[in-house]
Amino acid sequence: MFKGMILSDELKNHIWEEVEVRGLLHVLRVVSPNLAFLILRDRHGLSQSVLEDPAEIEKLEWCLFGSVISTKWTVAEMPKWKFRCEVQKAKVTVYRKITYPSPIDISKDEIHADGETLLENKVVTLRHPRQMNIFKVAWIIEKYMRRFFEENDFTQINTPKIIGFPTEWGSEVFEIDYFDRKAYLAQSPQFYKQMMIPVFERVYEIGRAYRAEKSNTSRHLTEFLWLDMEMWFIDSFDDIIEMTEKFANYTVQKTREEWENLLLALWATKPLLQGKFPRISVTELHELMFKETWEDHRGERDLAPSEEKFICEYSAKNYWCDFVVVNWFPWSDAKFYHHQNEQDPTVADRADLLFRWVEIITLTQREVNYEKLVAQISAQWHDPEQPWLKYYLDAFKYWMPDEWGFGLWIERFVQKMIWLENIKEAELFPRDVQRIVP
């Protein structure tokens, strides 16, 4: 009995039944005039069909990679072979024949090409099963990030990406001409999410962010997917860290539960998790790094990339945890909206969450006292009377509760979840210093 059209991963459910599989030609191997193996790709993966009729094989003449094809006939189980089941004695329909040769070979388990070639041919590269699986994992990770906030009573917001005032000062801002006025691409929704706290109490946003960082590294992009959250009613800075720990544990565990086999196919090792992540201050990390490696960063206000890698490896080895919280950053390095620690005014109520060698989250308590916020803006050589700052400061002038939040690089999270070599592999069409196409 004919069961209709199915997807590649459904063949196992239709042994000895007649089905139709549609997809794009991935590999065609003609063994003889009477035998050919056809592998099709659809959104769920690859499937194999066996052709034994010369007339059916002849239909595929001059069909190259990407041709749109369907095969129809009986499914057989082949437990000792790669595909485990296949369509045998298949009948072929060619819907669209592609005659242009592919610029890169994606028929193998691995693409043997350098990074620049892969980026230049991204529209084809993305059709490789491994590339498809990377972005399936990215989708699942984002899904569970959203679900965590929904289950914890957060409201999703969407804020402008063209703004009149940069959220961070310095050379990392993209300035644009906006109807003969100066405007900027948003580096984050920092100001807007804080404005929304008296409205919804708990908010989050997933959207694009832009930073003009002249960095050609494996961890930087100029456009990226950014997660921001903000909430009020906190009793201590520990509450901030504990919520972040719950978020990271939830996202990793739920992603593994749903896509364990897919992650294994990507050779992604399971992250080491603990309910409470190891914590270390910036000063303690500098001292530990110097003690263990003689590399001296003592006195520096931020972490060196080598320190991030070192403490993550140290945590995995000594605490069986791939996440590390680094806290108590110097107040001299704080943003004007950060909260100064009341017990030790030399540090800010700020922490970074590191995951597998890299910082993925910065979390801080915010300064909500209007007068103090104005003073901190002035202390950093900014004019609080600028019109763009007025609306932000109004949120505090007309009452703001104690609140905090964090920002997360989603691509970095995906990169380290799968152990990708470069963050560009975790972005569909990456933007960096050199590339704005495709």
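Every value quoted in this text rests on a predicted model; they were computed, and no experiment measured them.

A.B. asks: Help me understand the overall build of the protein in this model?
C.D. replies: Within the protein one finds 12 helices and 17 strands. Principal axes of the C-alpha set define a box for the protein whose edges measure 85 × 55 × 40 Å. For the protein, long-range pairs separated by at least 24 residues make up 64% of all intrachain contacts whose partners lie at least 6 apart in sequence. Looking at the protein as shown, the accessible area adds up to about 22,000 Å², and 53% of this sits on carbon and sulfur atoms. The centroid of the 55 positive side-chain charges in the protein is displaced by 7 Å from the centroid of its 71 negative side-chain charges.

A.B. asks: What's the story with the nonpolar core in this structure? I'm lost.
C.D. replies: Inside soluble globular proteins, nonpolar side chains tend to come together where they are buried. In this structure, L227, F406 and I418 are the most contacted members of the largest nonpolar core, which totals 52 residues. Contact partners of F406, with chain neighbours within four places excluded, come to F149, K193, L227, D228, M229, T244, F247, I361, T362, L363 and R366.

A.B. asks: I'm lost on the sheet that holds strand β10 (residues 181-185) in this one. Help?
C.D. replies: The pairing of strands in a sheet comes from backbone hydrogen bonds and takes either a parallel or an antiparallel form. On the basis of which strands lie adjacent, the open sheet formed by three strands has the order β8-β10-β9 and antiparallel pairing. Looking along the sheet, the strands with just one partner apiece sit at the ends: β8 (162-163) and β9 (175-178). Across two bridges, the pairing between β8 and β10 is antiparallel. Bridging across to β10, I163 finds its partner in Y184.

A.B. asks: Could you clarify how one ought to interpret the side chain of Q48 in this entry?
C.D. replies: For Q48, the location among the structural elements is in strand β4 (residues 45-51). Among the polar contacts listed, one links the side chain of Q48 to the side chain of E86, at a separation of 2.8 Å. Beyond its immediate sequence surroundings of up to four residues, Q48 is in contact with F37, L38, I39, F83, E86 and V87.

A.B. asks: Looking at this model, I keep getting lost on the sheet that holds strand β12 (residues 223-232). Mind explaining?
C.D. replies: Strand order in the open sheet made by the eight strands is β7-β11-β12-β17-β16-β15-β14-β13, with mixed pairing throughout. In this open sheet, the two edge strands, each paired with only one partner strand, are β7 (155-156) and β13 (279-281). Sheet analysis places strand β11 (residues 202-210) next to β12, joined by nine bridges and oriented antiparallel. The residue bridging V203 from the neighbouring strand is E230, located in β12. This element, helix α8 (residues 282-293), spans β13 and β14 (323-327) of the sheet and lies at about 90° to β13.

A.B. asks: I tried to follow the packing of aromatic side chains on my own but got confused; where do I start?
C.D. replies: Each aromatic ring pair is summarised here by two numbers: the centre-to-centre distance and the angle between the ring planes. One pass over the structure, following the stated rule, counts 30 aromatic pairs. Measuring from ring centre to ring centre gives 4.9 Å for F149 and F154, while their planes differ by 65°; the resulting arrangement is edge-to-face. The two residues F149 and F154 agree in class, both being buried. Taking 4.2 Å as the distance between ring centres and 5° as the angle between the ring planes, the aromatic pair formed by F323 and F355 counts as stacked. Placement of the pair is F323 in strand β14 and F355 in strand β15 (residues 350-355), with a sequence separation of 32 residues. For F323, a relative accessible area of 0% puts it in the buried group. By way of ring pairs, the aromatic residues Y144, F148, F149, F154, Y204, F247, Y250, W404 and F406 are connected into one cluster. Sitting over the ring of W139, K143 keeps its end group 5.4 Å from the ring centre. Positioned above the aromatic ring of F329 is the side chain of R350, whose terminal nitrogen or guanidinium carbon lies 3.7 Å from the ring centre.

A.B. asks: Can you help me understand the environment of F329 in this one?
C.D. replies: Looking at the secondary structure, you find F329 in the loop between β14 and β15. With residues near it in sequence (within four places) discarded, F329 still touches V282, R301, D302, L303, T346, V347, A348, R350, A351 and D352.

A.B. asks: For this particular structure, what's the right way to read a nonpolar patch on the surface?
C.D. replies: On the surface, V123, L428 and F429 cluster together to form a nonpolar patch covering roughly 250 Å² of accessible area. Relative to the helices and strands, F429 is located in the segment after α12 (410-418).

A.B. asks: What is the right way to look at helix α9 (residues 305-319) in this model?
C.D. replies: Because an α-helix completes one turn every 3.6 residues, residues spaced three or four positions apart along the sequence face the same direction. Here α9 spans 21 Å end to end across 15 residues, near enough to the 21 Å set by a 1.5 Å rise per residue. The set of residues buried in α9 consists of E307, E308, F310, I311, C312, S315 and A316. A positive backbone phi angle near 55° is found at W320, which sits one or two residues after α9.

Thresholds applied
Residues numbered from 1 in each chain as written. Predicted model: local features only at pLDDT ≥ 70, side-chain atom pairs only at ≥ 80, totals over all residues. Heavy atoms only, no water. Helix = DSSP H or I, 4+ residues; strand = E, 2+ residues; numbered from the N terminus. Contact = heavy atoms within 4.5 Å. Areas by Shrake-Rupley, 256 points an atom, 1.4 Å probe, with all protein chains shown as cover. Lys, Arg positive; Asp, Glu negative; His and termini not counted. Charge placed at Lys NZ, Arg CZ, Asp CG, Glu CD. Core = buried A, V, L, I, M, F, W, Y, C linked by side-chain atoms within 4.5 Å. Buried < 20%, exposed > 50% of the residue type's maximum accessible area, 1.4 Å probe, protein only. Pairing = 2+ DSSP bridges. Polar contact = N/O pair within 3.5 Å; in protein donor to acceptor, adjacent residues only side chain to side chain. Axes fitted to C-alpha atoms, helices over the stretch in contact; angles between N-to-C directions. Phe/Tyr/Trp six-rings, centres within 6.5 Å; stacked < 30°, edge-to-face > 60°. Lys NZ or Arg CZ within 6 Å of the ring centre and 35° of its normal. Patch = residues over 30% accessible without salt bridge, like charges linked within 9 Å, V, L, I, M, F, W, Y side chains within 5 Å. Salt bridge = Lys/Arg side-chain N within 4 Å of Asp/Glu carboxyl O. Expected span 1.5 Å × (residues − 1).

These results come straight from atomic positions and should not be treated as a statement about function.
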